[in-house]
Amino acid sequence: MGSVTATVAPPTESNVILWFRTFGAIARSGFRRYATYRQAALAGAVTNIVFGFLRCYVLLGAAGAAGAVAGYDRAQFATFVWAGQGMLAVILLWGRPELAERIRTGDVASDLLRPVHPVTSYLATDLGRAGWACVSRLLPPVLVGPLFFDVHLPARWSTVPLFVVSATVAVVLCFGCRFLVNATAYWLQDVRGPQILWTLGSGVLAGLYFPLPFLPDGLFLALQLATPFPSLLQTPLDVLVERDPKGVQVALVGVQVAWAAAILALCRLVQRRAERRLVVQGG
């Protein structure tokens, strides 16, 4: 019996345009999906604002009479807190384990039948969700904070576009990390253990509970270079408050991009291995 060798056609301009249109359509559907939960968004924004006051007073107390600590002055602390409260919902450190539930129930099989790769599809949906979170969860704390505290406004023209890039990469990176946590359901079925570890570790190591420069310099540098966690929240906020010179800011965003590319590649590898496992099991 002769063998048939499948050939993959090189990507054409029309295929690339179609891919971007499909990606954009999925992202827009994700935006509309999450925009339907307006009451939940309002409740979440109020919660973020309340905790913003608590966190801001704690960090301002840490600054003390000197008015500065770990490279932050009082205005930078205020910006760090209020922008961080809004960014928390945008990057979504702690999302629902939707993929894990679909794996447990077997509904993930329908995802594998679609013409779009599962990682690409879920990423586009998450970017749409992040777009809605920018409107409903990021803006309220950013607008409320300056009414009660002196905040740091960017002094360099490049800070705002660099922050937008950094925040976008952080969303992609956080999606990849959450995807990997959820994908453990292919092997474990029950992801509560990995989910708890992620919830505890990401909050501390991403800079949510306290700015990571509070740690010893060597430990902080090791976390920035050897783990993706600071790139989730600490790096975008440091870019926004201009804690470091411009060159260092660009280098930190470069580290973010490298981590995002590596994590997305790992997501595709894990998904491919998981699909082979499903086939072996007869799924």
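Residues numbered from 1 in each chain as written. Predicted model: local features only at pLDDT ≥ 70, side-chain atom pairs only at ≥ 80, totals over all residues. Heavy atoms only, no water.

1. Digging into the overall build of the chain
Working step 1: When helices and strands are counted, the chain shows twelve helices and two strands.
Working step 2: Each helix and strand of the chain, ordered N terminal to C terminal, gives the series α-α-β-β-α-α-α-α-α-α-α-α-α-α.
Working step 3: Here the chain has a C-alpha radius of gyration of 21 Å; the compact-globule value for 283 residues is 19 Å, and the two agree.
Working step 4: Across its three principal axes, the chain shows a C-alpha extent of roughly 85 × 40 × 35 Å.
Working step 5: For the chain, the residues scored as buried account for 45% of the 283 residues in total.
Working step 6: Restricting to contacts in the chain with at least 6 residues of sequence separation, those with at least 24 account for 81%.
Working step 7: On the chain, roughly 14900 Å² of surface is accessible, and the fraction owed to carbon and sulfur atoms is 69%. (Helix = DSSP H or I, 4+ residues; strand = E, 2+ residues; numbered from the N terminus. Rg over C-alpha atoms; globule rule 2.2 N^0.38 Å. Buried < 20%, exposed > 50% of the residue type's maximum accessible area, 1.4 Å probe, protein only. Contact = heavy atoms within 4.5 Å. Areas by Shrake-Rupley, 256 points an atom, 1.4 Å probe, with all protein chains shown as cover.)

2. Examining the environment of A262
Working step 1: Counting through the fold element by element, A262 comes out in helix α12 (residues 246–280).
Working step 2: Accessibility expressed as a relative area gives 40% for A262, which makes it partly exposed.
Working step 3: Each C-alpha atom of the pair A262 and G176 lies 9.3 Å from the other, and the pair is 86 residues apart in sequence.

3. Thoughts on the packing of helix α2 (residues 38–63) against helix α3 (residues 74–91)
Working step 1: Two elements in contact, α2 and α3, have axes whose closest approach is 9 Å; the angle formed by their N-to-C orientations is 150°. In terms of orientation, α2 lies roughly antiparallel with respect to α3. Here α2 runs over α3; the crossing is right-handed. Contact with α2, carried on its side by N48, I49, F51, G52, F53, R55, C56, L59, L60 and A63, involves R74, F77, A78, F80, V81, W82, Q85 and L88 of α3 and no other residues of that element.
Working step 2: When grouped by side-chain class, the residues that make up the contact of α2 with α3 number 13 nonpolar, three polar and two charged. (Axes fitted to C-alpha atoms, helices over the stretch in contact; angles between N-to-C directions. Parallel < 35°, antiparallel > 145°, perpendicular 65-115°, else oblique. Left-handed = near helix turned anticlockwise from the far one by under 90°. Nonpolar A, V, L, I, M, F, W, Y, C, P; charged D, E, K, R; others polar.)

4. Points about the UniProt feature "transmembrane region" (unreviewed entry) in the chain
Working step 1: Listed under "transmembrane region" (unreviewed entry) in the UniProt record, and renumbered for this structure, are residues 40–63, 75–94, 130–149, 161–181, 193–212 and 247–267.
Working step 2: A helix fraction of 100% and a strand fraction of 0% characterise residues 40–63, whose end C-alpha atoms lie 34 Å from each other. (UniProt positions renumbered as here; feature names shortened; annotations may be inferred.)

5. Looking at the nonpolar core
Working step 1: Counting residues in hydrophobic clusters, the biggest one holds 65 residues, and the most contacted among them are M87, I91, L93, F179, W198 and L232.
Working step 2: Setting aside residues up to four positions removed in sequence, L232 forms contacts with I91, L93, A170, L173, C174, W198 and A206. (Core = buried A, V, L, I, M, F, W, Y, C linked by side-chain atoms within 4.5 Å.)

6. Quick look at the packing of aromatic side chains
Working step 1: Using the criterion set out here, one finds 15 aromatic pairs in the structure.
Working step 2: Ring plane angle 65° and centroid distance 6.4 Å describe the contact between Y122 and F179, whose orientation is recorded as edge-to-face. In this pair, Y122 sits in helix α6 (residues 118–148) while F179 sits in helix α7 (residues 159–183), placing the two residues 57 residues apart along the sequence.
Working step 3: For Y122, a relative accessible area of 17% gives the class buried.
Working step 4: The buried category is assigned to F179, whose relative accessible area is 4%.
Working step 5: Taking NZ or CZ as reference, R243 lies 5.3 Å from the ring centre of Y72, over its face. (Phe/Tyr/Trp six-rings, centres within 6.5 Å; stacked < 30°, edge-to-face > 60°. Lys NZ or Arg CZ within 6 Å of the ring centre and 35° of its normal.)

7. Concerning the state of the cysteines
Two cysteines form a disulfide when their sulfur atoms are joined by a covalent bond.
Working step 1: Under the criterion given, the structure shown has zero disulfides.
Working step 2: C134 takes part in no disulfide bond, and the closest cysteine sulfur to it belongs to C174, at a distance of 13 Å.
Working step 3: Overall, C134 belongs to the partly exposed group, its relative accessible area being 31%.
Working step 4: Just so you know, C174 is unpaired, no disulfide at all, and the nearest cysteine sulfur is the one on C177, 6.3 Å from it. (Disulfide = S-S within 2.5 Å.)

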